[in-house]
Amino acid sequence: MRKLMVTTFVSLDGVMQGPGGSDEDRDGGFEHGGWSVPHFGPDLIERMTDVVRRADALLVGRKTYDIFAATWPLADADDPIGSKMNSVRKYVASRTLDTVSWQNSTLLAGDVADAVRALKQDSDGGEIQVHGSGDLIQTLIEHDLVDEFHVLVFPVLVGSGKRLFGRGTVPAGLKLVDTAKSDSGVVISTYARAGKVEYGAMGPETGNW
């Protein structure tokens, strides 16, 4: 089965809305767009390049598709992230789009969760990556379709806004498989699904104190 990995930029207080620009996502009157940009340096760009190069397919929601389709085709030919974004197979989850024109893009038909399950069961494909797509991620989490969370935590408090783990989050065990820190203080961690949540109790009588 193909692995589905969510890559997300979040603030220390868990906000994932509008990291890349002031007008990226103003839903709910959000006024803090672009909060991640000052923390990007060559080392973080290099790491993101390595991540994107692994993708065999992208899975995005409509808002992220609109942003990516309007910007990545303008990237220089020697831009490694841009060239990958443009060439890789893309699957778009949308209730409102009738067509998609960005190179190698396909609209998912029917129920999103069922369509993504079918994509994951395609033995001929490799890693499926989700970037941005906050609303879609909530659906994927609700239906337990995410195999790995690649979370970049930026040293900033945003306050209000959409959060990575919002409505529909179901209890799940996770395992830390990789962690690193950028020169600007961004903590990059990858968590893999690891069965169910385990529970216990704190106290001297249990030895967990």
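Small disclaimer: the values here were computed from a predicted structure and weren't measured. (Residues numbered from 1 in each chain as written. Predicted model: local features only at pLDDT ≥ 70, side-chain atom pairs only at ≥ 80, totals over all residues. Heavy atoms only, no water.)

With that out of the way, let us pick up the overall build of the protein. Each helix and strand counted, the protein has five helices and eight strands in total. Each helix and strand of the protein, ordered N terminal to C terminal, gives the series β-α-β-α-α-β-β-α-β-α-β-β-β. Taken against the 2.2 N^0.38 rule, which gives 17 Å for 209 residues, the C-alpha radius of gyration of the protein at 18 Å falls within 12% of a compact globule. In terms of its C-alpha atoms, the protein occupies a principal-axis envelope of roughly 65 × 40 × 35 Å. Residue burial in the protein is summarised as follows: out of 209 residues, 40% are buried. The contacts in the protein between residues at least 6 apart in sequence include a share of 69% that link residues at least 24 apart. In the form shown here, the protein has an accessible surface area of approximately 11200 Å², with 52% of it arising from carbon and sulfur atoms. (Helix = DSSP H or I, 4+ residues; strand = E, 2+ residues; numbered from the N terminus. Rg over C-alpha atoms; globule rule 2.2 N^0.38 Å. Buried < 20%, exposed > 50% of the residue type's maximum accessible area, 1.4 Å probe, protein only. Contact = heavy atoms within 4.5 Å. Areas by Shrake-Rupley, 256 points an atom, 1.4 Å probe, with all protein chains shown as cover.)

It is worth spelling out the packing of aromatic side chains at this point. Summed over the entire model, instances satisfying the criterion amount to eight aromatic pairs. Aromatic side chains Y65 and W102 sit 6.1 Å apart centroid to centroid with 55 degrees between the ring planes, which places their arrangement in the tilted category. Here Y65 is found in helix α2 (residues 62–71), whereas its partner W102 is found in the loop between β3 (89–93) and β4 (105–107), with 37 residues between them in sequence. A relative accessible area of 5% places Y65 in the buried class. When its relative accessible area of 7% is taken as the criterion, W102 is described as buried. Centroid distance F68 to W102: 6.5 Å. Interplanar angle 80 degrees. Geometry classified as edge-to-face. Of this pair, F68 sits in helix α2 while W102 is found in the loop between β3 and β4, placing the two residues 34 residues apart along the sequence. With respect to class, F68 is no different from W102; both count as buried. Members of the aromatic cluster, joined through ring pairs, are F9, W35, F40 and F154. The cationic tip of K90 hangs over the ring face of W102; the distance from NZ or CZ to the ring centre is 4.4 Å. (Phe/Tyr/Trp six-rings, centres within 6.5 Å; stacked < 30°, edge-to-face > 60°. Lys NZ or Arg CZ within 6 Å of the ring centre and 35° of its normal.)

For the rest of this paragraph, the subject is the nonpolar core. Formed by 24 residues in total, the largest nonpolar core has its most connected members in L4, L59, L108 and L140. For L108, the contacting residues outside a window of four places in its chain are L59, Y91, V92, A93, A115, V116 and L119. F68, V88, L152 and I188 belong to the second largest nonpolar core, which has 22 residues in total. (Core = buried A, V, L, I, M, F, W, Y, C linked by side-chain atoms within 4.5 Å.)

Before going further, it helps to spend a moment on unusual backbone geometry. Positive phi, close to 60 degrees, is recorded for N104, a residue that is not glycine. Looking at the secondary structure, you find N104 in the loop between β3 and β4. In this structure N104 comes out as partly exposed when scored by relative accessible area, which is 30%. Of note in this structure, D144 is not a glycine but carries a positive phi near 55 degrees. In this fold, D144 is placed in the loop between α5 (134–142) and β6 (148–154). The class for D144 is partly exposed, based on a relative accessible area of 43%.

Just distances and angles here, no functional claims.
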